[in-house]
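Each chain, written out:
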Amino acid sequence: MKVGERHYHTIWLNEDGRSVDIIDQRWLPHEFRVVTLKSVDDVAVAIRDMWVRGAPLIGVTAAYGVALAMASDSSDASLDTVWETLHETRPTAINLRWALDAMREFLRKLPEGERADTAYRRAAEIAEEDVDLNRSIGMNGLAVIREIAARKKHGEPVNILTHCNAGWLATVDYGTATAPIYLATEEGIPVHVYVDETRPRNQGAQLTAWELNGHGVPHTLIVDNAGGHLMQHGDIDMVIVGTDRTTANGDVCNKIGTYLKALAAKDNNVPFYVALPSPTIDWTVHDGVREIPIEERSADEVTFVQGRGLDGSIATVRVSPDGSPAANPAFDVTPARLITGLITERGIAEASPSGLKALFPERR
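Residues numbered from 1 in each chain as written. Predicted model: local features only at pLDDT ≥ 70, side-chain atom pairs only at ≥ 80, totals over all residues. Heavy atoms only, no water.

Peer 1: Which residues make up the overall build of the protein chain, and what are the values?
Peer 2: Along the backbone of the protein chain there are twelve helices and 18 strands. Its C-alpha atoms give the protein chain a radius of gyration of 20 Å, within 12% of the compact-globule value 21 Å for 364 residues. With respect to the principal axes defined by its C-alpha atoms, the protein chain has extents near 65 × 55 × 45 Å. Of the contacts made within the protein chain by residues no fewer than 6 positions apart, 73% connect residues no fewer than 24 positions apart. As displayed, the protein chain has an accessible area near 15300 Å², and 49% of this comes from carbon and sulfur atoms. The positive charge centre, built from 36 side chains, and the negative charge centre, built from 51, are 2 Å apart in the protein chain. (Helix = DSSP H or I, 4+ residues; strand = E, 2+ residues; numbered from the N terminus. Rg over C-alpha atoms; globule rule 2.2 N^0.38 Å. Contact = heavy atoms within 4.5 Å. Areas by Shrake-Rupley, 256 points an atom, 1.4 Å probe, with all protein chains shown as cover. Lys, Arg positive; Asp, Glu negative; His and termini not counted. Charge placed at Lys NZ, Arg CZ, Asp CG, Glu CD.)

Structure representation (structure tokens):
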């Protein structure tokens with residue numbers, strides 16, 4: 001996608017051929033900053049402190065973290081250490097473990113002297129694979145938007161509700177939930193996106209709205225609790241969200257608040273879709289509510305908020321009384337029964353074991 005007149009991925013190899021550049025998302029939408037990661041410790045901080053966000057991008061960043069480790073020490077012990085170091089950064093997003101497993105298993109078979117260069121090539125391949133997966137997700141989701149648009153009268157837009165950021169900033173490019181929206185826009189289908197602010201990190205307000213604005217997609221920012229109201233009044237044609245982990249039976253773990261949107265959609269007969277690349281599927285888990293570890297993040301994310309003041313400066317301010325404790329579960333689980341369909345790179349699956357295995361028969 002473009003920032004100004006320049007096309008960007010969210011992560012790329014620095015011109016020195018070793019370091020890795022990322023868009024530092026902590027400062028968006030007010031400032032666009034690029035940061036260079038030079039070590040495994042840099043990568044761990046970038047993932048843990050949400051300089052990069054979104055399950056697919058976290059996975060790609062971890063893959064490059066392995067490459068940085070191999071450039072310094074290509075031993076088996078180093079492979080195991082970087083796996084442990086990066087795996088501990090974010091417990092919920094399955095793409096992190098998937099990418100680390102893929103890199104370690106691939107490199108373990110090679111002589112130590114070949115690992116460094118090969119690690120960078122494999123990380124770049126994983127990044128490009130993510131772009132291809134997301135474009136395919138976009139094409140499959142575009143079919144749903146086309147179908148809804150065909151039922152509209154007088155060229156009215158397809159009204160889509162999103163939650164959190166499942167855009168190109170959460171991936172290498174295109175995004176998951178936003179990929180169909182971007183492709184629909186490019187095709188000339190009128191769409192309008194209602195963007196949940198997504199407390200407490202405000203990824204909708206700060207990231208999704210910034211993306212859509214830059215791509216020229218009509219959108220309206222709403223508070224998280226307005227989604228159900230809009231559905232009751234017929235203002236939402238479909239909901240589309242991303243996911244950090246999808247179970248083998250079709251449960252979906254995504255940013256906190258997704259479950260409530262799914263309940264409201266079910267009650268109002270609004271189609272609720274989840275867009276995901278296959279590395280986000282955890283085939284070892286069958287009950288999302290009981291088996292997926294939910295990351296508990298710092299209470300400061302709830303009690304403080306960052307924004308731009310009237311004087312133009314970026315500041316962090318407290319929004320709660322001193323001394324009031326806060327809880328901050330970062331994700332919730334939406335049961336498969338509430339999901340209309342899972343939009344993958346291979347097509348749209350029913351949210352069920354049979355639905356997923358029909359698209360991924362190698363998992364039978």
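Peer 1: Give me the lowdown on the side chain of Asp-21, citing residues and values where you can.
Peer 2: Examined against the element boundaries, Asp-21 turns out to sit in strand β4 (residues 20–23). Polar contacts involving the side chain of Asp-21 include one to the side chain of Asn-14, which spans 3.1 Å. Reaching out from Asp-21, the side chain makes a polar contact with the side chain of Thr-36 at a distance of 2.7 Å. With near-sequence residues (within four places) excluded, Asp-21 lies in contact with Thr-10, Ile-11, Trp-12, Asn-14, Val-34, Val-35 and Thr-36. (Polar contact = N/O pair within 3.5 Å; in protein donor to acceptor, adjacent residues only side chain to side chain.)

Peer 1: How would you explain the pairing of β4 if you had to name every residue and give the values?
Peer 2: The side-chain alternation of β4 yields two buried faces, one formed by Val-20 and Ile-22 and the other by Asp-21 and Ile-23. Judged from the three bridges that link them, strand β3 (residues 11–13) and β4 form a sheet pairing that is antiparallel. Counted as the bridge partner of Leu-13 is Val-20 from β4. From the end of β3 to the start of β4, which pair antiparallel, there are six residues, and Gly-17 there has a positive phi angle of about 80 degrees. Where β4 meets strand β5 (residues 34–37), four bridges bridge the pair, whose relative direction is antiparallel. Bridge pairing in β5 links Ile-23 to Val-34. (Buried < 20%, exposed > 50% of the residue type's maximum accessible area, 1.4 Å probe, protein only. Pairing = 2+ DSSP bridges.)

Peer 1: Residue-level account of the layout of surface pockets, with values.
Peer 2: In this model, the largest pocket occupies a volume close to 460 Å³. Surrounding the largest pocket, 17 residues form its lining, Arg-201, Glu-301, Phe-304, Gln-306 and Thr-316 being those nearest its centre. Of all elements in the fold, only α11 (300–303) and β14 (304–308) reach the threshold of two or more residues within the lining of the largest pocket. Ranked by the residues each element gives to the lining of the largest pocket, the list is headed by β14, at three residues. Residue composition of the lining of the largest pocket, grouped by class: four nonpolar, five polar and eight charged. In terms of lining, the second largest pocket is formed by 15 residues, of which the most central are Trp-98, Ser-278, Ile-281, Trp-283 and Arg-363. Of all elements in the fold, only α4 (94–108) and β13 (281–282) reach the threshold of two or more residues within the lining of the second largest pocket. No other element matches α4, which puts five residues into the lining of the second largest pocket. When its residues are assigned to classes, the lining of the second largest pocket shows seven nonpolar, two polar and six charged. (1 Å grid on protein atoms, 1.4 Å probe; cavity = no way out; pocket = protein on both sides within 12 Å on 5 of 7 lines; lining within 4 Å. Points joined across faces, edges and corners; volume = space filled by probe spheres on them. Nonpolar A, V, L, I, M, F, W, Y, C, P; charged D, E, K, R; others polar.)

Peer 1: So, the sheet that holds strand β9 (residues 238–241): which residues are in play, and what are the values?
Peer 2: Spatially, the seven strands line up as an open sheet ordered β8-β7-β6-β9-β12-β17-β18, and their pairing is mixed. Pairing within the sheet leaves two strands with one partner each, and these edge strands are β8 (219–222) and β18 (347–349). Neighbour-to-neighbour, the strand axes of the sheet open up by a mean angle of 25 degrees, direction not taken into account. By the bridge criterion, three bridges tie strand β17 (residues 341–344) to β18 in an arrangement that is antiparallel. In the sheet register, Leu-342 faces β18, and the bridge partner there is Ala-349. Packing of helix α6 (residues 179–187) onto the sheet brings it into contact with β6 (158–162), β7 (191–196) and β9, and relative to β7 it is tilted by some 150 degrees. This element, helix α9 (residues 258–267), spans β6, β7, β9 and β12 (272–275) of the sheet and lies at about 145 degrees to β12. (Axes fitted to C-alpha atoms, helices over the stretch in contact; angles between N-to-C directions.)

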